[in-house]
Amino acid sequence: MNQSGTARVFSSPAIDQVGVVERAKRFTARSIKSQAKRQGLGMVLSMIDLTTLEGMDTEGKVKQLCYKAQHLHDSIDGLPNVAAVCVYPNFVGLAKRSLAGSGIKVASVATAFPSGNSSLEIKLADVSMAVSEGADEIDMVISRGRFHRGDYNFVFDEIAAVKAACGESRLKTILETGELGSLDKVRLASDIAIAAGADFIKTSTGKIQPAATMPVTLVMLEAIRDHFQKTGLMVGMKPAGGISKAKLALHYLIMVKETLGDDWLDPKWFRFGASSLANDVLMQIAKQQTGAYQAANYFAID
Amino acid sequence: MTVEESNKNSGENSAKSERLEVLKTYKMYIDGKFPRTESARYYQPVVNGSSLGNVCLASRKDVRNAVVAARSAQAGWSRRTAYNRAQILYRIAEMLEGRSQQFSEELVRQGLDVETAEIHVSQSIDRLIYYAGWCDKYQQVFSAVNPVASSHFNFSTLEPVGVVFTVASRDCPLLGLVSLIAPVIASGNTCVVLASEKCPLSAVTFAEVLATSDVPGGVVNILTGRIKELTEHFSRHLDVNAIACDGLEPGLNTEIKEFASENIKRVKIYHQDWSTEATANPYLIQDFCEVKTTWHPIEQISESGAAY
């Protein structure tokens, strides 16, 4: 740490790219027995942030999504609800009312999502609006432009300011790893976000390709692990975008378990940001119960 | 002895005898690619006492993958213009014509006599041309404007059912195959074909023709394997919309129908000699279409009838 006021120097361990890719690939080669698979699929459902973040979102669409969150597939008994519904700030109030009494959280993107290109005042106003409407969780984006300029203190301060504006709401910090360029940058951004007080770190907005990948998620999980070993404090993880198949989601759970341990296998600490994943998981569960392969047109459109 | 001496000693035929024949690997055709079976199992069909080679033994997961491929190709294929589908069917015929010799030889290996083999190949080519011609015509024949007693313009048109699982004929490895694939895809369906268990070679080689004929990947997927292992998996699959069976034993047909009843999918059973001309007809296209009727409100101007 240096002595000149609030400026911090950030340094993160170097990432062995080849090693990370190899390690991530190994998580996909585990044999999953049918009992474990059944449990895992239920767990995946309970960790989903059912998301709609389109310019064409309407009240009807948000209501429908909230209904889906509570009635994933009523013909199958004993299904959990999803963890949260994720919407734009102007739909938070509606989502909150639609989900009343269900225990499902309302998450809202804020801070000039998805680019994050605006002034701090406007970003904080965006956050305050979502919080005052009742958002339980705020998904912010970091300023990738400033990050690439090496303005790490700016990025840190911004996250800290948003965290303060969140009050009781939990803060998820989106790194938008598809725009960061290298795994070293991903690790650095993760460390900055964690140090600035993020409750969750999240890979992507879903608007940029590539979105979440297993190697990127592994690097972020390792940042969380190292932080936990140093301080004993837990930080959550949310891969978002590009996870649409149940099998891939199970691979992610294996990665979380083997990197962070059982404590993180909980919707409080691990989430999937996805919209089409839920239906694929439901189709797999129905396949396990009936023995017949399923078709998408027997499941509700999100 | 030096290398030169050894070559000299082994005589003039050495160039021929040292050449190892490169044998063909008969792989499956899924989503426009030629994968091996995920199960890593193979079988050796035997015809007249000699083995036809190692052929993939498809598993239920191969069926699943093929249906996924067919489903994702279906929307795009049915959105193409009828004219374009006709062009592509014609193109398959062109490609088949260019390789007719190879197909004849393969049919002979699978137990047909030379004359029949040649007839079957040329009939297969003609059949593709025949259905290419029907692509933009069957709608006119089977669609209708219906008389109704209300202020509506009421019309019915055919739409493809979606994904069709086709079990190819056992005795007619090429002609039976082509005679079912062509009408199924002509209307915009995609299909998964289980090749004849006894004579699967023509189906695999036909996949190579498809792969070079502008047929988008996933429109036709070809599996090889044992029908009895796979019956339950494709018949109960909810994403398969119709099943076409050709030349199966009656017990198997019953089993397929029972499983298919779970989601009331259409099952069409054929028992015919595909080499007769009458077996090529537009009713085979109709077999894999469903009728969509639209009631379009119109203004009834007077008592004089519909005024569209």
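This one's a predicted model, so the numbers in the text were calculated from it and none came from an experiment.

A tally of helices and strands in chain B yields 12 helices and 12 strands. In terms of overall dimensions, chain B has a C-alpha envelope of 105 × 35 × 35 Å along the principal axes. Looking at chain B as a whole, 42% of its 308 residues qualify as buried. Of all intrachain contacts in chain B linking residues separated by at least 6 positions in sequence, the fraction that spans at least 24 positions is 76%.

Further remarks concern the overall build of chain A. The helix and strand tally for chain A stands at 11 helices and 8 strands. For 302 residues, the compact-globule estimate of 2.2 N^0.38 gives 19 Å, and chain A sits close to it at 19 Å. C-alpha extents for chain A along the principal axes are approximately 65 × 45 × 30 Å. Out of the 302 residues belonging to chain A, those deemed buried represent 47%.

Here the focus is the nonpolar core. Counting 93 residues, the largest nonpolar core has Val44, Ile48, Val85, Ala193, Ala249 and Val281 of chain A as the members making the most contacts within it. In terms of residue count, the dominant contributor to this core is helix H9 (residues 214-231) of chain A (8 residues). Not counting the four nearest positions on each side in its chain, alanine 249 of chain A is found in contact with Val44, Ile243, Phe272, Leu277 and Val281 of chain A. By size, the runner-up hydrophobic cluster in this structure holds 87 residues, among which are Tyr29, Leu57, Tyr138 and Ala168 of chain B.

Another point: the sheet that holds strand E8 (residues 190-194) of chain B. All names here are of chain B. Spatially, E9-E8-E7-E10-E11 is the arrangement adopted by the 5 strands of the open sheet, whose pairing is parallel. Each edge of the open sheet carries a strand with a single partner, namely strand E9 (220-223) and strand E11 (266-270). Recorded for the sheet is a direction-independent mean angle of 15° between the axes of neighbouring strands. Sheet topology note: the strand E7 (residues 163-167)/strand E10 (residues 242-246) ladder contains 4 bridges and is parallel. From the neighbouring strand, valine 167 faces E10, where its bridge partner is cysteine 245.

Let us now look at the interface of chain A and chain B. Contacts between chain A and chain B engage 5 residues on the former and 6 residues on the latter. For the side of chain A that touches chain B, the class distribution of residues is 4 nonpolar, 1 polar and no charged.

Below, the discussion takes up the pairing of strand E1 (residues 48-51) of chain A. Residues and elements named next belong to chain A. Side chains Ile48 and Leu50 of E1 all project onto a buried face; the interleaved residues Asp49 and Thr51 project onto the opposite face, where all are buried too. Where E1 lies against strand E8 (residues 272-274), 3 bridges are found, and the strand directions are parallel. Looking across to E8, one finds that isoleucine 48 is bridged to phenylalanine 272. For the crossover from E1 across helix H3 (residues 59-70) to strand E2 (residues 84-87), the handedness is right-handed.

Here the focus is the packing of helix H2 (residues 34-46) of chain A against helix H10 (residues 246-259) of chain A. Residues and elements named next belong to chain A. Where H2 contacts H10, the two axes come as close as 10 Å, and the packing angle between them is 90°. Taken as axis vectors, H2 and H10 run roughly perpendicular relative to one another. Between H2, through Lys37, Gly40, Leu41, Met43 and Val44, and H10, the contact on the second element is made entirely by Ala246, Ala249, Leu250 and Leu253. Tallied by class, residues from the contact of H2 with H10 come to 7 nonpolar, 1 polar and 1 charged.

This brings us to the confidence of the model for chain A. Considering every residue of chain A, the mean pLDDT works out to 94; 98% of them sit at 70 or more. Contacts of residues 1-5 of chain A to residues separated by more than four positions or lying in other chains number 3 contacts, the stretch itself having pLDDT below 50.

Let us look at the environment of aspartate 266 of chain A. Along the chain, the position of aspartate 266 of chain A falls in the loop between H10 and E8. Aspartate 266 of chain A sits 117 residues away from arginine 149 of chain A along the chain, and the two C-alpha atoms are 36 Å apart.

A few words on the packing of helix H8 (residues 183-195) of chain A against H9 of chain A. Residue and element names in this part refer to chain A. Interaxial distance between H8 and H9 falls to 9 Å at its minimum, and their mutual angle equals 40°. Between H8 and H9, the interaxial angle falls into the category oblique. As H8 packs across H9, the resulting crossing turns out to be right-handed. The residues of H9 that touch H8, namely those facing Leu183, Val186, Arg187, Ser190, Asp191 and Ile194, are Pro215, Val216, Val219, Met220, Ala223 and His227. Among the residues making up the contact of H8 with H9, the classes are represented as 8 nonpolar, 2 polar and 2 charged.

Scoring rules and cut-offs
Residues numbered from 1 in each chain as written. Chains lettered and ligands numbered in written order. Predicted model: local features only at pLDDT ≥ 70, side-chain atom pairs only at ≥ 80, totals over all residues. Helix = DSSP H or I, 4+ residues; strand = E, 2+ residues; numbered from the N terminus. Buried ≥ 20, exposed ≤ 12 C-beta atoms within 10 Å, placed from the backbone. Contact = placed C-beta atoms within 7 Å. Rg over C-alpha atoms; globule rule 2.2 N^0.38 Å. Core = buried A, V, L, I, M, F, W, Y, C linked by C-beta atoms within 7 Å. Pairing = 2+ DSSP bridges. Axes fitted to C-alpha atoms, helices over the stretch in contact; angles between N-to-C directions. Nonpolar A, V, L, I, M, F, W, Y, C, P; charged D, E, K, R; others polar. Right-handed = clockwise from strand over helix to strand, strands pointing away. Parallel < 35°, antiparallel > 145°, perpendicular 65-115°, else oblique. pLDDT = per-residue confidence, 0-100. Left-handed = near helix turned anticlockwise from the far one by under 90°.

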